[in-house]
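# Coordinate inspection notes
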Amino acid sequence: MDPAAIYTRVRERFGDAIGELTGSGRTAGCTVAPARVAEVAAWLRHEPGLAFDCLSTLAGVDYPKRNVIQVVYVLYSYRARHWFTLRVDAPRDDPRVASVSGVWSAAEWHEREVFDLLGVHFDGHPDLRRLLMPEDWPGHPLRKDFVEPEEYHGIRTSRESLLKA
């Protein structure tokens, strides 16, 4: 099934919670309301003919000029051999998105990474805590306005390059 046909089915089922179809190929997809993404994801996984049984990628992107952090879900169906991408725009000041970890267990680690590095809270996640940074690390390193502290627990966070120019 091509992305336009998938989009039509999703839009018919979820109406105003779904934005316009954008992108092409593997990046073709639509935006979804943050509170509805788990519901949409579950439907996409279990709906006959769609069967998106694989969460190929879940990542976050910071767009400060738009004042959003976008969570991107790239879905694949092994049975039907088609791709579709969901995008969720969450406000930068309090980014909250429904967790899809109950739909695809692989999302547990991906959501923790996005939480850790961008500060997105995934409502309903079973174990939302930092994954790569220490629990008491200040801020979220992949935000465009992140300023690395000069020290962390008395340890300098930068050093001279070991490479000679």
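Look up: the structure comes first, before these words.
Quick caveat, the model's predicted, so the values are computed rather than measured. Residue positions are counted from 1 within each chain, in the order its sequence is given. Given that the model is predicted, a residue must reach a pLDDT of at least 70 before its local features are reported, and side-chain atom pairs must reach 80 or more before they are shown or counted; all residues, however, enter totals for whole chains, interfaces and linings. Hydrogens and water are ignored here; the side-chain numbers use all heavy atoms of the structure.

## Overview of the nonpolar core
Put simply, the rule is: Residues enter a nonpolar core if they are buried and are Ala, Val, Leu, Ile, Met, Phe, Trp, Tyr or Cys, with the set joined through side-chain atoms within 4.5 Å. Here the term buried applies to any residue with accessible area under 20% of the maximum for its type, exposed to any over 50%, and partly exposed to those in between, with areas from a 1.4 Å probe on protein chains only. In this text, helices come from DSSP runs of H or I with a minimum length of four residues, and strands from runs of E with a minimum of two, each type numbered from the N-terminal end. A contact between two residues is defined here by any heavy atoms of the two lying within 4.5 Å.
Ranked by internal contacts, the top residues of the largest apolar core, which has 36 residues, are Val37, Leu44, Tyr73, Leu86, Val97 and Val100. For this core, the elements supplying multiple residues, two or more each, are α1 (3–14), β2 (29–32), α2 (37–46), β3 (54–63), β4 (68–77), β5 (82–91), β6 (96–98) and α3 (107–118). The element that contributes the greatest number of residues to this core is α2, accounting for six residues. Setting aside anything within four residues of it in sequence, one finds valine 37 in contact with Val32, Tyr73, Leu86, Val88, Val97, Ala98 and Val100.

## As for α1
Applied cut-off: For a helix, the expected span equals 1.5 Å multiplied by the residue count minus one. Read the arc as the range of directions from the helix axis to the C-beta atoms.
With twelve residues, α1 extends 16 Å between its outermost C-alpha atoms, agreeing within 8% with the 16 Å of an ideal straight helix rising 1.5 Å per residue. All of the buried residues in α1 are Ile6, Tyr7, Val10 and Phe14. Viewed end-on, α1 has its buried residues packed into an arc of 100°, placing them on one side of the element. Where α1 is buried, its residues contact β1 (18–22), β2, α2 and β5. Directly after α1, the chain includes glycine 15, whose backbone phi takes a positive value near 50°.

## With respect to the packing of α1 against α2
Put simply, the rule is: Each axis is a line fitted through C-alpha atoms, taken for helices only over the stretch in contact, and angles between the N-to-C directions span 0 to 180 degrees. Angles are sorted into four bins: roughly parallel if under 35 degrees, roughly antiparallel if over 145, roughly perpendicular if 65 to 115, and oblique for all others. Should the near helix be turned counterclockwise from the far one by less than a right angle, the crossing is left-handed, whereas a clockwise turn marks it as right-handed. Just so you know the grouping, Ala, Val, Leu, Ile, Met, Phe, Trp, Tyr, Cys and Pro go in nonpolar, Asp, Glu, Lys and Arg go in charged, and all remaining residues, Gly too, go in polar.
Between α1 and α2, the least distance of the axes is 11 Å, while the angle of their chain directions is 130°. Regarding the angle of α1 to α2, the classification is oblique. The two elements α1 and α2 meet at a crossing, and its hand is right-handed. Contact residues: Arg9, Val10, Arg13 and Phe14 in α1; Glu39, Val40, Trp43 and Leu44 in α2. Its residues assigned to classes, the contact of α1 with α2 shows five nonpolar, no polar and three charged.

## Thoughts on the environment of tryptophan 109
Relative to the assigned elements, tryptophan 109 resides in helix α3. For tryptophan 109, a relative accessible area of 55% translates into the label exposed. Along the primary structure tryptophan 109 and leucine 50 are separated by 59 residues, whereas in three dimensions their C-alpha atoms are 24 Å apart.

## Digging into the pattern of salt bridges
Going by this rule: Just to be clear on terms, a salt bridge is a Lys or Arg side-chain nitrogen sitting within 4 Å of an Asp or Glu carboxyl oxygen.
Scanning the entire structure with this criterion turns up nine salt bridges. With a closest N to O distance of 3.2 Å, aspartate 145 and arginine 92 form a salt bridge. With aspartate 145 in the loop between β7 (121–123) and β8 (151–152) and arginine 92 in the loop between β5 and β6, this residue pair connects regions lying 53 residues apart in the sequence. For arginine 92, a relative accessible area of 12% corresponds to the buried category. Residues participating in the shared-partner salt-bridge network are Asp62, Arg92 and Asp145.

## Considering unusual backbone geometry
For arginine 81, which is not a glycine, the phi torsion comes out positive at approximately 60°. Tracing the backbone through its elements, the reader meets arginine 81 in the loop between β4 and β5. Take arginine 81: its relative accessible area is 58%, and that puts it in the exposed class. The phi dihedral of histidine 153 falls on the positive side, at around 50°, and the residue is not glycine. Residue position: histidine 153 is located in the loop between β8 and β9 (155–156). Classification of histidine 153 by relative accessible area gives exposed; the value is 59%.

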